[in-house]
Amino acid sequence: MSKGSSGMEVILASLEVSRGRRVSVFVSKGGTGILFQILISASKELPPSEELMLQLHSLLAKVGPKDRKFGVKARLSGALNATVNVTKQNLQNTKLLLPCLQVLRVYSTNSVNAISLGKNGVVELMFKIVAPYSKKNTTLLKVALDALGALLKSKTNARRAVDGGHVHVLLALYQDWHHNDARHRHMLIRKGLLVCLRNITNIKLGRKAFIDTDGMRILYNSSTECLPVRTLDPLVNTSSLIMRKCFPKNRLPLPTIKSAFHYQLPHVPAAGPVAQLYSQPPGVDDVVDESDDNEETDADTENDTENEEDDKDQGAANDDIETDLNKLHPKNNPGRPFEELRVYERFFLELSEDFQVTLSPKHVPIMSCQEDCSLTKGEHTVHSPSVPTTAPLTPLELDTILLTKDRDRKGEEVGRGGKQEGSPVNATRHIQSPLLLGGIATRRVGGGGGGGGSNWGSDCGSEGAEDEAGEGAVLEVPDTMVKGTRSVPQYAEVAYPDYFGHIAPTFKEPLQERVYGVQRSKIFQDIERLIHPNDIVDKVVYDLDIPSCPVIEDNGESLKFNSQFESGNLRKAVQIRKYEYDLVLNSDINSNHYHQWFYFEVSGMRVGTNYRFNIINSEKSNSQFNYGMQVLMYSVQDAISGRPRWVRTGTDICYYKNHFARSSIAAGGQKGKSYYTMTFSTSFSHKDDVCYFAYHYPYTYSTLKMHLSKLEALRTPQIYLRQDVLCQTLGGNSCPLLTITAMPESNSNDYICQFRNRPLIFLSARVHPGETNASWVMKGTLEFLMGTSPLAASLREAYIFKIVPMLNPDGVVNGNHRCSLSGEDLNRQWQNPNPELHPTIYHTKSLLQYLAHIQRAPLVFCDYHGHSRKKNVFMYGCSVKETVWQSNISATSSDLQEDLGYRALPKILSQIAPAFSMASCSFVVERSKESTARVVVWREIGVQRSYTMESTLCGCDQGKYKGLQIGTRELEEMGAQFCVALLRLKRLTGMRNHQHLLDLESDIIGTQSKVVSPTTYVMEEDEPSFLEAIDYSAESNDEDAEPENEHGGGVQENPNHLDQLSDGETNHRD
């Protein structure tokens, strides 16, 4: 044996100096198995050689981490029990105990081994070693805690530890080490104890034991004492994770998670989430999951998409890529008989043969159908708009707007209730925005020192304005447009920002830098609610579920909230502390989720006081609020003083998982889901102000109607502008359709022929109500098209534009985030739209089908959207070749024959639009998108250049606007640049040489996307790592969930998680 021992010493010494390479060679030559054989043989000797066991286990501890099959080999060879027996026999022999524990630590990383070791009493053995508290043999203690932590990842072992009363033991040990480790020399031991607690609390029984043994208070107090020492952050982060996980799950403070507003559908779909919603008996719509474990698949990556109903069946890597070549090739089949589509001729008068008959070269009326064209039950309605004057738009006069001083606003509140059935609207109280167009110079009554022509677009208003306007001023103007807007709650008004308008500020608004530790401090304040319940006010101050009196009166100690206006969304406000409020958003109508868009009014504030607002029922697993985005605020006092504008505001902004449980009914059947909190703090500058907060720059349906009326005033004799009503929505609102092009120069056949044969461009926007940025981009497009510049004139001469500026007026009016009144995502209905439930999609598709039938399919189709989890502006298109490249399907060269022109427009935009990013564009077709506008128009109508254009809600990380948050000026500029790009596209498509196509080919080859599971394509991540951990998953079971230090373990978000976020966003962003 002595010779053998000498051999062991030689091997051990050789491996000690190898830095790993020799160990790998040793493993590859079967060294691990030989060591196990020697261990088994040696263990049969009585008593076993202590020196040999020491050397064997020292070798195994070094070899184990390098051998992937170490645990399996140990179990199959019987070495597990041999090591356990040696450990039990040498509890007082620290020299031999240490290598044995090191080997057990490696054994335990194998889940099967961990269960086997637990049955063999090793969990209890580890507790004997780690307790009671002692500073002797700290190295031994650290290894024992690591082994115990690995063992407790097994739920069976965790239950065994709970049944043995060891949760109390771990907490007592942690307290002892916390109090006695004053110089923080034993952080790894303290962290090891926390890891054991974290793994035990992965089971329901463990969480209950933790609460019962006062674990919340113990970890809260110890963590609070650790906060000032930055090097203790790993302890604070792990403690925070444990406390969040053990925080009792609560229901949202709502009677039902269905929308507070009910709209009875004319008929309920046979299947789908809306059918499920209608089939549920009362009282079962919100179920707190009581499953035994609180873990989420893949540590909360959850492929969180806003259209979870559509995408929950996605499975393996790249499973969403369309691999059916028959579906990938456009079928050019309009689908409906031409006789059915002939009725849509009236929307294309400019294409008719007898157009010149209706033309007068000196006076050009807006063309429309003069006869009664009303059709019911899904047919379209064409209204004849009045013929506007041909004078160009002049600066808007405010002489008709009376600003009356009224310090007591009680009279104003009359008529502001959103559910006043049958009450007449005050004809002089409610008005659509008179200041909608951003570039309009405006005068206020009694202009004061600034003069009557003071421009509201400047940073400062006229100096003497405040004296004239006074605080609490009330606007008294006509409200004809607002009265024509129909909402489910029967809103009688729009918000003040629609009265005063919005002028983009001249100053830059940079992305907000995240303060280190902000998320952690907010989470600790939430945990304090459980630790110190007597400090919580818990007073409801606003509640839409009390329709008769949503604003709950008090003694003036609380803020006043209101969301009962067009596009408003706030369901409930609960005062938590003196200056802190929990806010609950309303679900989309006929839905029980989609909480993201918010828009509400606040008044009764104290100047200079810092208020905290928590939106507690957000659903996405990540948000740009963690990456520099701020909320929007609008001050009525500022507007009256000459600065009517939305500004980015808020400090201490972060987004994290909270303790409110999502019902599996609202989470696509998935159990154990939680809501997320978006929190921000802000202060107010003016006394008696009325302020509004919004997710993004609001753009209401009434705003659109006012904007369209202003566009008519921009029309000149050279511009052909027609406004039709495409159809009535489910809620009874009109869906406008615009036609814009240039008038022919004369009635001659040549000019009329050129006029009729111009290529068509078809644009749409705002299918998703919460994506208000899409409307601001559309506003930029419309104003450019109606402009007087030579480029605008050339563009009108080159194309006929058909534009549906708002595909979902009902959703916009009622404050929905994603759906229409049918409770469905309209951008998932394009394959087979229902004329009754989805009229705007049905008739828009019919327009395109009609064009395909008469061989006039658009040259370009583009649907404007907003993107909540990416930066910059970018496009999604459709390509057979690029889709095939992303999949493993085999295709012949003929299958891949494709005109590369689909890349031309985004390529041009990347060259001329500073906010546009070609790197973020994708041209892959996915199965989950087969019923979106982009894919259906490409596949069924045969439009090669069919796009979704996504605009960020946050800001840019490249180009001229790098580091800045996006504003309405940049969004409108993007809409204008889209027009310029179309003009360049016209020139490119008219070129005889095809060099530009060769350039596009090289672009594709140079930027082929990598295929990374489980996304269909990779979009470069916007977000750098933070020094602070962004912990989205309170239930994470991953050892690497917390960084060990601020640099080496900084927040490297799980790459797979990020890929899923990117794809999840694109899955629902189309």
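Here the structure is a predicted model, which is why all the values come from computation and not from measurement. Per chain, the residues get numbers from 1 upward, laid out in the order the sequence is written. Only residues with pLDDT of at least 70 get local features here, since the model is predicted, and only at 80 or more are side-chain atom pairs given and counted; chain-wide, interface and lining totals rely on the full set of residues. Water and hydrogen atoms play no part in the side-chain values, which are based on all heavy atoms of the structure.

## Focus: the overall build of the protein
Part 1 of the argument: Numbering of helices and strands runs from the N terminus, with a helix taken as a DSSP run of H or I at least four residues long and a strand as a DSSP run of E at least two residues long. Summing up its helical and strand segments, the protein has 38 helices and 20 strands in all.
Part 2 of the argument: A 1.4 Å probe rolled over the protein chains alone gives each residue an accessible area, and that area as a share of the maximum for its type sets the label: buried under 20%, exposed over 50%, partly exposed in between. Taking all 1070 residues of the protein together, the buried fraction comes to 61%.
Part 3 of the argument: Element-wise, carbon and sulfur atoms account for 51% of the exposed surface of the protein, whose accessible area totals about 40500 Å². Residue-level accessible areas treat just the shown protein chains as cover; the underlying method is Shrake-Rupley with a 1.4 Å probe.

## Some points on the pairing of strand β14 (residues 719–728)
Part 1 of the argument: Counting buried residues along β14, nine of its ten residues qualify, which places the element largely inside the surrounding structure.
Part 2 of the argument: By the convention used here, strands pair only if DSSP detects at least 2 bridges between them. As paired elements, β14 and strand β15 (residues 734–742) share nine bridges and run antiparallel to each other. Bridge pairing links Gln 723 to Leu 738 in β15.
Part 3 of the argument: What sits between β14 and β15 in their antiparallel hairpin is a turn of five residues, with Gly 732 showing a positive phi close to 90 degrees.

## With respect to the sheet that holds strand β4 (residues 560–562)
Part 1 of the argument: Strand order in the open sheet made by the five strands is β4-β7-β13-β9-β10, with antiparallel pairing throughout. Pairing within the sheet leaves two strands with one partner each, and these edge strands are β4 and β10 (646–649). Direction aside, neighbouring strands of the sheet carry axes that sit 30 degrees apart on average.
Part 2 of the argument: In the sheet, strand β7 (residues 599–603) pairs with strand β13 (residues 690–694) via five bridges, with the strands oriented antiparallel. What sits directly across from Ser 603, in β13, is Val 690. Helix axes are fitted only over the stretch in contact, all axes being lines through C-alpha atoms; the angle between N-to-C directions runs from 0 to 180 degrees.

## A few points about the environment of Phe 26
Part 1 of the argument: Looking at the element boundaries, Phe 26 is found in helix α2 (residues 21–28).
Part 2 of the argument: Each C-alpha atom of the pair Phe 26 and Asp 67 lies 9.7 Å from the other, and the pair is 41 residues apart in sequence.

## As for unusual backbone geometry
Part 1 of the argument: In this structure, the amide linkage connecting Leu 46 to the following residue, Pro 47, adopts the cis form with an omega of -10 degrees.
Part 2 of the argument: With respect to the helices and strands, the residue Pro 47 is situated in the loop between α3 (31–44) and α4 (50–63).
Part 3 of the argument: In this structure, Pro 132 follows Ala 131 across a cis peptide bond, with omega equal to -5 degrees.
Part 4 of the argument: Checked against the element boundaries, Pro 132 lands in the loop between α9 (122–130) and α10 (138–151).
Part 5 of the argument: Unlike most non-glycine residues, His 184 shows phi in positive territory, near 55 degrees.

## A closer look at helix α11 (residues 155–163)
Part 1 of the argument: Among the residues making up α11, those that are buried are Asn 157, Ala 158, Ala 161 and Val 162. The buried residues of α11 occupy one face: seen down the axis, they fall within an arc of 145 degrees.
Part 2 of the argument: Whether two residues are in contact is decided by their heavy atoms: any pair within 4.5 Å suffices. Packing partners of the buried residues in α11 comprise α8 (111–119), α9, α10, α12 (166–180), α13 (187–200) and α14 (204–212).
Part 3 of the argument: A positive backbone phi angle near 75 degrees is found at Gly 165, which sits one or two residues after α11. Here the arc refers to the directions that run from the helix axis out to each C-beta atom.

## A word on the packing of aromatic side chains
Each aromatic ring pair is described using two quantities: the centre-to-centre distance and the angle formed by the ring planes.
Part 1 of the argument: Each Phe, Tyr or Trp ring, with Trp reduced to its six-membered ring, pairs with another whose centre is within 6.5 Å; inter-plane angles below 30 degrees give stacked pairs, above 60 give edge-to-face pairs, and intermediate values give tilted ones. As enumerated under the stated definition, the model contains 41 aromatic pairs in all.
Part 2 of the argument: Ring geometry for Phe 338 versus Tyr 850: centroids 5.9 Å apart, planes at 15 degrees, classification stacked. Taken together, the positions of Phe 338 in helix α20 (residues 338–341) and Tyr 850 in helix α32 (residues 839–853) put the pair 512 residues apart, joining distant regions of the chain.
Part 3 of the argument: Arranged with centres 4.9 Å apart and planes meeting at 75 degrees, the rings of Phe 565 and Tyr 599 form a pair that is edge-to-face. Here Phe 565 is found in the loop between β4 and β5 (572–577), whereas its partner Tyr 599 is found in strand β7, with 34 residues between them in sequence.
Part 4 of the argument: When its relative accessible area of 1% is taken as the criterion, Tyr 599 is described as buried.
Part 5 of the argument: A ring is considered to have a charge above it if a Lys NZ or an Arg CZ atom is located within 6 Å of its centre and within 35 degrees of its normal. The residue whose ring lies beneath Arg 230 is Tyr 516, and the NZ or CZ to ring-centre distance is 3.6 Å.
Part 6 of the argument: The side chain of Lys 986 reaches across the aromatic face of Tyr 799, ending 5.9 Å from its centre.

## Thoughts on the UniProt feature "active site" (unreviewed entry) in the protein
Part 1 of the argument: UniProt positions are given in the numbering used here, feature names are shortened, and annotations may be inferred rather than shown by experiment. When the UniProt feature table is mapped onto this chain numbering, "active site" (unreviewed entry) sits at Glu 950.
Part 2 of the argument: The topology assignment puts Glu 950 in strand β20 (residues 945–952).

## Remarks on the sheet that holds strand β8 (residues 611–618)
Part 1 of the argument: Spatially, β3-β5-β6-β8-β12-β11 is the arrangement adopted by the six strands of the open sheet, whose pairing is mixed. Where the open sheet ends on each side, the last strands, each with one partner, are β3 (539–543) and β11 (651–661). Across the sheet, the axes of successive neighbouring strands diverge by a mean angle of 25 degrees, strand direction being ignored.
Part 2 of the argument: Inspection of the sheet shows β8 paired to strand β12 (residues 674–682) by six bridges, in the antiparallel sense. Residue pairing across strands places Ser 618 opposite Tyr 676, the latter belonging to β12.
Part 3 of the argument: Strands β5, β6 (580–584), β8, β11 and β12 of the sheet are contacted by helix α25 (residues 518–531), whose axis makes an angle of about 45 degrees with β11.

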